[in-house]
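Observations on the model geometry
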Amino acid sequence: MTKAEKSRIQKEIVDSIEIGSSGRLLLAPRVGKTKLMIDIIKRDKPTSILWITPSAELADKDNVEDGIFTEFVKWKALRYIKKLTTTTWKSLSKIKGHFDLIIGDEEQFATENNCFSLLDNTLSFDNLLFMTGTSTKHEHKKELYNKLNLNVLVDISINKAVDMGLLSNYSIKVIGVDLGKEKNIKAGNKANPFLTTEEAQYKWLTKSLAEAIDEGRGDVQYKVLSRLRAIKNSPSKENAALHLIKVLEGRKLIFSSTIKQASVLSNNTYHSKTDNKDLISFKKGDVDDIALVNAGGTGHTYKAIDHLIIVQADSDKNGLTSQKICRTLLDQKNYEATVWIICLIGSKDETWIDSTLESFDESKIEYIRFKDFKNDKKKINGN
């Protein structure tokens with residue numbers, strides 16, 4: 001798609017939103033939500049604007065990579081920077097007063113708590129626009145949007161955006177990994193430690209969780225988190241990720257399960273305990289791989305990525321895994337995104353991945369057993 005064609009479609013979207021409207025814009029990632037919102041600002045000419053972002057980094061005036069202020073410069077809306085106030089969802093409750101226009105970027109981060117000032121009118125507005133690339137599946141989130149009287153104004157799904165040419169085409173390869181049968185998992189306690197297998201550990205954790213639920217015990221959430229940690233820390237999944245990173249050619253964006261795992265998968269990392277030096281180097285093309293955890297999964301643009309590897313999906317109820325996948329769907333000439341998702345067979349992992357893939361075209365998804373993939377050169381590098 002040419003820039004002129006994309007601009008025409010974006011103009012049609014803006015024109016479909018009546019002046020002075022409040023509501024929700026469900027726009028697939030990479031469609032250009034920020035530009036569309038700035039186009040609405042330039043059309044409606046608000047005298048005061050509050051922009052709510054998922055992270056302080058995006059709200060920072062000094063962020064020259066992906067910051068909101070940089071976008072205003074890029075899209076020639078300099079006159080509105082003086083009218084612009086930025087905050088995060090976390091800090092929204094601290095903002096009081098009145099704004100002509102309030103924009104909620106990545107609406108899935110909205111909660112009853114952080115939106116309290118909007119609900120009790122200590123933070124008032126003429127127009128309120130929430131937007132996201134991945135609509136939430138949580139009913140309590142939908143109830144919140146109803147309380148704020150926000151109906152859906154525009155709905156362009158990921159697949160619709162691909163069909164329109166706004167996003168690149170893609171293929172998703174789900175790599176099924178068997179639960180390990182080697183005794184390499186620490187179990188027991190200080191008095192009686194022993195080694196067990198991944199398979200045995202997972203079965204025990206699942207049985208223990210079921211018993212806690214059946215008995216109505218107070219440790220159900222602890223049991224849930226214990227099983228989640230076991231999946232995230234799976235040696236079998238980590239070994240599969242290392243193999244993919246080794247054999248796949250080109251630039252690789254990796255979303256790891258944990259901060260500890262990120263440092264195992266790449267020398268270049270970006271997460272809550274790092275600065276953004278490696279991230280900037282990756283975006284510039286100075287390094288060919290980087291491992292993230294959750295930071296970098298929303299609001300960031302990456303170009304010329306050959307492979308996106310997701311070691312751990314979630315249930316995608318807030319669209320977090322879909323957002324990560326869409327980091328590589330930026331429309332580029334002669335480009336098709338290749339996404340690899342590692343799945344622990346016979347575990348809750350399968351349910352989470354199925355939930356994520358509901359947002360994507362079934363015909364573009366392939367399921368591969370890791371044990372078959374390792375020796376099948378036709379499966380490597382998207383062939």
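Refer to the structure above for everything that follows.
What comes next is a walk through the structure. Each chain has its residues counted from 1, following the order in which its sequence is written. Since the coordinates come from a predicted model, pLDDT governs what is reported: local features require at least 70, and pairs of side-chain atoms require 80 or more to be given and counted, while whole-chain, interface and lining totals use all residues. Side-chain metrics rest on all non-hydrogen atoms present in the structure, leaving aside hydrogens and water.

**Here we look at the overall build of the protein chain**
Short version of the rule: Helix and strand definitions here come from DSSP, where helices need a minimum of 4 consecutive H or I residues and strands a minimum of 2 consecutive E residues; each element is numbered from the N-terminal end. For each residue, the accessible area found with a 1.4 Å probe, counting protein chains only, is set against the maximum for its type, and the residue is called buried under 20%, exposed over 50%, and partly exposed in between. In this description, contact between two residues means that some pair of their heavy atoms is separated by no more than 4.5 Å. Accessible surface area values rest on a Shrake-Rupley calculation with a 1.4 Å probe, where residue burial reflects the displayed protein chains alone. Within this scheme the basic residues Lys and Arg register as positive and the acidic residues Asp and Glu register as negative, but His and the chain ends are omitted. Each charge is placed at NZ for Lys, CZ for Arg, CG for Asp and CD for Glu.
The helix and strand tally for the protein chain stands at 15 helices and 15 strands. Over its C-alpha atoms, taken along the principal directions, the protein chain stretches across nearly 65 × 50 × 35 Å. Out of the 383 residues in the protein chain, the part that is buried amounts to 49%. Expressed as a percentage of contacts within the protein chain between residues at least 6 apart in sequence, the contacts between residues at least 24 apart total 72%. About 18700 Å² of surface is accessible on the protein chain, with carbon and sulfur atoms providing 49% of the total. With 59 positive and 52 negative side-chain charges, the protein chain shows a spacing of 3 Å between the two charge centroids.

**Comments concerning the environment of Ser16**
Worth spelling out the cut-off: Think of a polar contact as two N or O atoms within 3.5 Å of one another; within protein, one of them needs to be a possible hydrogen donor and the other a possible acceptor, and neighboring residues in sequence only count if both atoms come from side chains.
By the element assignment, Ser16 lies in the loop between helix H1 (3–15) and strand S1 (23–27). The spatial distance from the C-alpha of Ser16 to the C-alpha of Leu153 is 8.3 Å, given a sequence separation of 137 residues. A polar side-chain atom of Ser16 sits 2.6 Å from the main-chain carbonyl oxygen of Ile13.

**Some details on the pairing of strand S13 (residues 307–310)**
Just so we agree on the cut-off: Paired strands, in this sense, are two strands between which DSSP finds at least two bridges.
Side chains of S13 alternate between two faces, with His307 and Ile309 and Leu308 and Ile310 buried alike. Here 4 bridges tie strand S10 (residues 252–255) to S13, and the two strands are oriented parallel to one another. Opposite Phe255, over in S13, you have Ile310 as the bridge partner. Both S13 and strand S14 (residues 336–344) contribute to a ladder of 3 bridges, which runs parallel. Across the sheet, the residue bridging to Ile309 is Trp340, located in S14.

**A look at the packing of H1 against helix H2 (residues 33–44)**
Rule in force here: Between the N-to-C directions of two axes lies an angle of 0 to 180 degrees, each axis being a line fitted to C-alpha atoms and, for a helix, fitted only over the stretch in contact. Orientation labels follow simple angle bins: below 35 degrees gives roughly parallel, above 145 gives roughly antiparallel, 65 to 115 gives roughly perpendicular, and whatever is left gives oblique. Should the near helix be turned anticlockwise from the far one by less than a right angle, the crossing is left-handed, and should it be turned clockwise, the crossing is right-handed. Residue polarity is assigned by list, with Asp, Glu, Lys and Arg as charged and Ala, Val, Leu, Ile, Met, Phe, Trp, Tyr, Cys and Pro as nonpolar; anything else, Gly included, falls into the polar class.
Viewed as axis vectors pointing N to C, H1 and H2 meet at an angle of 55 degrees, and their least axial separation amounts to 10 Å. Judged by the inter-axis angle, H1 sits oblique to H2. Where H1 crosses over H2, the handedness of that crossing is right-handed. Facing Gln10, Ile13, Val14 and Asp15 of H1, the residues of H2 in contact are Lys35, Leu36, Asp39, Ile40 and Arg43. Grouping the constituent residues of the contact of H1 with H2 by class yields 4 nonpolar, 1 polar and 4 charged.

**Things to note about the packing of helix H8 (residues 198–214) against helix H9 (residues 220–232)**
It is at 9 Å that the axes of H8 and H9 come closest, and there the two elements cross at 165 degrees. In this view, H8 runs roughly antiparallel relative to H9, as classed from their interaxial angle. Classified by chirality, the crossing of H9 by H8 is left-handed. From H8, Gln201, Tyr202, Leu205, Thr206, Ser208, Leu209, Ala212 and Ile213 reach across to H9, where they touch Val220, Lys223, Val224, Ser226, Arg227, Ala230 and Ile231.

**What to know about the packing of aromatic side chains**
Let me state the cut-off plainly: For this analysis, a ring pair means two rings from Phe, Tyr or Trp (six-membered ring only for Trp) whose centres lie within 6.5 Å, classed as stacked if their planes differ by under 30 degrees, edge-to-face if by over 60, and tilted for the remaining angles. Charge over a ring is defined by NZ of Lys or CZ of Arg lying within 6 Å of the ring centre and within 35 degrees of the ring normal.
Within this structure, the stated rule accounts for 6 aromatic pairs. Pairing Phe130 with Tyr145 gives two aromatic rings, centres 6.1 Å apart and planes at 90 degrees, and the pair type is edge-to-face. Of the two residues, Phe130 sits in strand S5 (residues 123–132) while Tyr145 sits in helix H6 (residues 139–147), which places them 15 residues apart along the sequence. The same class applies to Phe130 as to Tyr145, namely buried. A network of ring pairs unites the aromatic residues Trp89, Phe130 and Tyr145 as a single cluster. When the ring centre of Trp340 is taken as origin, the NZ or CZ atom of Lys173, which lies over that ring, is 5.8 Å away.

**So, the pattern of salt bridges**
Defined as follows: Between Lys or Arg on one side and Asp or Glu on the other, a salt bridge is scored when a side-chain nitrogen of the former is within 4 Å of a carboxyl oxygen of the latter.
The final tally for this structure, using the stated rule, is 15 salt bridges. A salt bridge links Glu199 to Lys181, with the shortest nitrogen-to-oxygen separation between them at 3.0 Å. Placement of Glu199 in helix H8 and of Lys181 in the loop between strand S7 (169–177) and strand S8 (183–188) is noted, with a sequence separation of 18 residues between them. Taking the relative accessible area as the measure of exposure, Glu199 reaches 25% and is therefore partly exposed. Owing to a relative accessible area of 60%, Lys181 belongs among the exposed residues under this scheme. Residue Asp219 pairs with Arg217 through a salt bridge whose shortest N-O separation is 3.2 Å. The partly exposed category is assigned to Arg217, whose relative accessible area is 30%.

**Digging into the sheet that holds strand S15 (residues 365–369)**
In space, the 7 strands of this open sheet follow the order S11-S12-S10-S13-S14-S7-S15, with parallel pairing throughout. Only two strands of the sheet have a single neighbouring strand rather than two, namely strand S11 (269–270) and S15. Inspection of the sheet shows S11 paired to strand S12 (residues 289–292) by 2 bridges, in the parallel sense. In the sheet register, Tyr270 faces S12, and the bridge partner there is Leu292. Sitting on the sheet, helix H12 (residues 277–284) is in contact with S10, S11 and S12, with an inclination near 140 degrees to S12. Here helix H14 (residues 349–357) sits on the sheet in contact with S7, S14 and S15, set at roughly 155 degrees to S14.

Without other data, these values stay purely geometric and don't point to any function.
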